[in-house]
Amino acid sequence: MEHFSAIISHLLGITKRQTEATLRLLEEGATIPFISRYRKEATGGLDEVQITEIKQQADRLEEIARRKETVIAAIRSQEKLTPELEARIAATWDATELEDIYLPYKPKRRTRAEVARQKGLEPLAVLLRLQREADPVRRASAFLKAGVVETVEEAIKGACDIIAEQVSEDERARQAVRTQYARQAVITASVVKGKEEEASNYRDYFQFSEPLKRCTSHRLLAIRRAEAEGLLKVNIAPADDDACLERLKRLFVRNGPCATYVEQSVEDGYKRLLRPSIETEFASLSKEKSDEEAIRVFTENLRKLLLSAPLGQKRVLAIDPGFRTGCKVVCLDAQGNLLHNENIYPHPPVNKK
């Protein structure tokens, strides 16, 4: 864990020395309450919340490190691991970026693009995507094989399927669509046909639409709960699909006879593969943020409850016993306001009775 200290320090704004000491104590088996209460001199006075954040970040980085090993081993087994690619994988500590790097090398199900590759159409896809070919139909005719690829149209369609998959796996394309989602994604919900009565508790969401970034956590959690119960159909999509497609076309489409095929591939790759993938990503991300917000609200409400006057309108003197660190003495007035606090040392080794 300790080798993550620099990354965690940067992320949380805590000194490297504090982070290293905390990680060392956690590795030794110390619990978070124990560290925050009895090891303040080692951690520089970090509280339970800060120590929990350090542990969560360390666990996340450990998980990414294990995933990196899996990714490198998988790419190496395909004999496609270059020093540059390995360096990129080693440098990233972002789980999303790591998966984007791995996506083109990830073993695939029997997709349309994979079927086209098995028919030997990948070289044609490369030619079309370069968009330098003056007569794509003539070049496509060279890939005809009896019983495998019967027509020029079939050859071009297979090549376009390969290009569509490549577009959906391209890091720049995925980041462009993510940016559009972050700016203008809209969450919509509608009741499942025939479930109107059963879903009466969710009536507010029968015809619901709102920008995702403005959707409050309690609404989002209610919508997702109803979706899990099979009562609502939920969708997250950009407000303007055309804007997404324009950004992608600027990345991939040039001029010439092949441009039309590439443009069709971009549209297909976006609608069939890329948009559903990013929608799933944002659905998961928004649910995670809503969970965190719900926990934060619950924590704050519980904190207020625990800090309310336990005995009503009474003055309180409270003592937290301790030997080496002394007894903490606190005086509260009838409204629960702090009047006075100090440490006393009536026990050994100080014996100030």
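What you are looking at is a predicted structure, and each value in this text was computed from that prediction instead of being measured.

Criteria and thresholds
Residues numbered from 1 in each chain as written. Predicted model: local features only at pLDDT ≥ 70, side-chain atom pairs only at ≥ 80, totals over all residues. Heavy atoms only, no water. Helix = DSSP H or I, 4+ residues; strand = E, 2+ residues; numbered from the N terminus. Buried < 20%, exposed > 50% of the residue type's maximum accessible area, 1.4 Å probe, protein only. Contact = heavy atoms within 4.5 Å. Areas by Shrake-Rupley, 256 points an atom, 1.4 Å probe, with all protein chains shown as cover. Lys, Arg positive; Asp, Glu negative; His and termini not counted. Charge placed at Lys NZ, Arg CZ, Asp CG, Glu CD. Salt bridge = Lys/Arg side-chain N within 4 Å of Asp/Glu carboxyl O. Polar contact = N/O pair within 3.5 Å; in protein donor to acceptor, adjacent residues only side chain to side chain. 1 Å grid on protein atoms, 1.4 Å probe; cavity = no way out; pocket = protein on both sides within 12 Å on 5 of 7 lines; lining within 4 Å. Points joined across faces, edges and corners; volume = space filled by probe spheres on them. Nonpolar A, V, L, I, M, F, W, Y, C, P; charged D, E, K, R; others polar. Pairing = 2+ DSSP bridges. Axes fitted to C-alpha atoms, helices over the stretch in contact; angles between N-to-C directions. Expected span 1.5 Å × (residues − 1). Core = buried A, V, L, I, M, F, W, Y, C linked by side-chain atoms within 4.5 Å.

J.: Can you walk me through the overall build of the protein chain in this structure?
T.: The number of helices and strands found in the protein chain is 15 helices and six strands. In terms of overall dimensions, the protein chain has C-alpha extents of about 100 × 55 × 30 Å along its principal axes. Across the 353 residues that make up the protein chain, the buried fraction comes to 36%. For the protein chain, long-range pairs separated by at least 24 residues make up 58% of all intrachain contacts whose partners lie at least 6 apart in sequence. Total accessible area computed for the protein chain in this model is approximately 21200 Å², and 53% of it derives from carbon and sulfur atoms. When the 58 positive and 55 negative side-chain charges of the protein chain are each reduced to one mean point, those points stand 3 Å apart.

J.: Mind showing me how you'd approach the pattern of salt bridges here?
T.: In a structure, side chains of opposite charge can pair up when their charged atoms sit close to one another. Throughout the structure, instances matching the rule amount to 31 salt bridges. For Asp100, the salt bridge goes to Arg174, with nearest N and O atoms at 2.9 Å. A residue pair is termed long-range when its members are at least 10 positions apart, and Asp100 in helix H7 (residues 95-102) and Arg174 in helix H12 (residues 171-184) qualify at 74 residues. For the pair Asp100 and Arg174, a shared accessibility class is recorded, and that class is buried. Linked through salt bridges whose partners overlap, the residues forming this network are Arg112, Lys157, Asp161, Asp268 and Arg272.

J.: I would appreciate a short explanation of the side chain of Glu279 in the present structure.
T.: By the secondary structure assignment, Glu279 is in helix H15 (residues 259-307). For Glu279, which is buried and forms no salt bridge, the nearest opposite charge comes from Arg275, at a distance of 5.6 Å. One polar contact links the side chain of Glu279 to the main-chain amide nitrogen of Ile236, over a distance of 3.1 Å. If sequence neighbours within four positions are ignored, Glu279 has contacts with Tyr181, Val234, Asn235 and Ile236.

J.: Please explain the environment of Leu61 as it appears in this structure.
T.: Mapped onto the fold, Leu61 is located in helix H5 (residues 48-77). Residue Leu61 is classed as buried on the basis of its relative accessible area of 0%. As a C-alpha pair, Leu61 and Ser168 span 107 residues in sequence and 27 Å in three-dimensional space. Among all residues touching Leu61, those that are not within four sequence positions of it are Phe4, Ile7, Ile8 and Trp93.

J.: Is there a simple way to think about the environment of Arg225 in this case?
T.: One can find Arg225 in helix H13 (residues 217-228). Using a relative accessible area of 45% as the deciding quantity, one classes Arg225 as partly exposed. With 60 residues separating them in the primary sequence, Arg225 and Glu165 have C-alpha atoms 33 Å apart.

J.: Explain the layout of surface pockets here, please?
T.: Picture a little ball the size of a water molecule; that probe, rolled over the atoms, points out where space is still empty. Approximately 870 Å³ is the volume found for the largest pocket. In this structure, the largest pocket is lined by 21 residues; those nearest its centre are Arg60, Ala95, Leu285, Glu288 and Glu292. Looking at the lining of the largest pocket, the elements that each hand over two or more residues are H5, H7 and H15. Of the residues forming the lining of the largest pocket, the biggest block, eight residues, is contributed by H15. Class assignment for the residues of the lining of the largest pocket results in seven nonpolar, five polar and nine charged. Looking at the second largest pocket, its volume works out to about 550 Å³. Along the walls of the second largest pocket sit 22 residues, with Leu103, Lys106, Arg109, Glu169 and Ser277 positioned nearest its centre.

J.: It is not clear to me how the sheet that holds strand S2 (residues 207-211) should be interpreted in this structure. Could you clarify?
T.: Within a beta sheet, neighbouring strands are joined by backbone hydrogen bonds and run either parallel or antiparallel to one another. Strand order in the open sheet made by the three strands is S2-S1-S3, with antiparallel pairing throughout. In this open sheet, the two strands that pair with only one neighbour each are S2 and strand S3 (232-238). Between one strand and the next, the sheet's axes are offset by a mean angle of 15°, whatever the strand orientation. Sitting on the sheet, H13 touches strand S1 (185-191), S2 and S3, and the angle it makes with S3 is about 125°.

J.: I keep staring at H12 and nothing clicks. Help me out?
T.: Residues spaced three or four apart along an α-helix face the same direction, because each turn holds 3.6 residues. Between its terminal C-alpha atoms H12 stretches 20 Å, which fits the 20 Å expected from 14 residues at 1.5 Å a residue. Ala173, Arg174, Ala176, Val177, Arg178, Gln180 and Tyr181 are the residues of H12 that are buried. Structurally, the start of H12 carries an N-cap: the backbone nitrogen of Arg172 is 2.9 Å from a side-chain oxygen of Asp170.

J.: How do you make sense of the pairing of strand S4 (residues 316-320) when you look at a structure like this?
T.: Remark: a regular strand shows side chains that alternate across the two faces of the sheet. Note that S4 and strand S5 (residues 327-332) share five bridges and pair antiparallel. Bridge pairing in S5 links Asp320 to Lys328. Two successive antiparallel strands, S4 and S5, enclose a turn made up of six residues, where Gly326 displays a positive phi of approximately 85°.

J.: Sorry if this is basic, but what is going on with the nonpolar core here?
T.: Within soluble globular proteins, side chains that are nonpolar tend to cluster in buried spots. Leu121, Leu124, Leu128, Ile187, Leu232 and Val266 are the most contacted members of the largest nonpolar core, which has 54 residues in total. If you tally residues by element for this core, the top one is H15, at nine residues. Excluding anything up to four places from it in sequence, Leu128 contacts Pro136, Ile156, Ala159, Ile163, Cys258, Tyr261 and Val262.

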